[in-house]
Amino acid sequence: MWYAIEGYDGSGVLERRMQARPQHLARLHALRDAGKLLLAGPCPAIDAEDPGPAGFSGSIVIAEFASLEEARAWAEADPYVAAGVYARVEVRPFRAVLP
């Protein structure tokens, strides 16, 4: 089943986000390579493709896991969690309808 994982950045975490980014992306690449990633990306804190020093308000990942518990465990092991980038993470089932 697909799961939506939403990480919400804390304040003043842009430097920590950038430091943990390579490890964060490596995990996403592994999901992609396994055919389990629908989409992933950051949410700019301002209405701009590159928010610069304004940073990001969080990230969204939609990926396939065997269970909600597996999706939660994957999300909690994210380098952004370990680095203190995310103030909170929400995981919930997702049903792809379009396209």
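Our structure is the block above this text.
About the criteria used
Residues numbered from 1 in each chain as written. Predicted model: local features only at pLDDT ≥ 70, side-chain atom pairs only at ≥ 80, totals over all residues. Heavy atoms only, no water. Pairing = 2+ DSSP bridges. Helix = DSSP H or I, 4+ residues; strand = E, 2+ residues; numbered from the N terminus. Axes fitted to C-alpha atoms, helices over the stretch in contact; angles between N-to-C directions. Contact = heavy atoms within 4.5 Å. Phe/Tyr/Trp six-rings, centres within 6.5 Å; stacked < 30°, edge-to-face > 60°. Buried < 20%, exposed > 50% of the residue type's maximum accessible area, 1.4 Å probe, protein only. Lys NZ or Arg CZ within 6 Å of the ring centre and 35° of its normal.

## Considering the sheet that holds strand β2 (residues 37-44)
Pairing in this open sheet of four strands is antiparallel, and the strands run β2-β3-β1-β4 from one edge to the other. Each having just a single partner strand, β2 and β4 (86-94) make up the two edges of the open sheet. Strand-to-strand twist of the sheet, defined as the mean angle between neighbouring strand axes without regard to direction, takes the value 10°. Direction of pairing for strand β1 (residues 2-9) relative to β4: antiparallel, over a ladder of eight bridges. Within the sheet, the bridge partner assigned to A4 lies in β4 and is R92. Across the sheet, helix α1 (residues 14-33) touches β1, β2, β3 (56-64) and β4, and the angle it forms with β3 is around 10°. This element, helix α2 (residues 68-76), spans β1, β3 and β4 of the sheet and lies at about 155° to β4.

## Considering the packing of aromatic side chains
Aromatic ring pairs are defined here through the distance separating the ring centres and the angle between the ring planes. Applying the stated criterion across every chain yields a total of three aromatic pairs. For the ring pair Y3 and F65, a centre distance of 6.5 Å and an interplane angle of 55° mean the geometry is tilted. With a gap of 62 residues between them, Y3 in strand β1 and F65 in the loop between β3 and α2 connect regions that are remote in the sequence. Here Y3 and F65 have matching classes, each one buried. Cluster of aromatic residues (ring-pair linked, three or more members): Y3, F65 and W74. In this structure, R88 packs its charged tip against the face of Y8, placed 3.8 Å from the ring centre.

In short, geometric facts, not functional conclusions.
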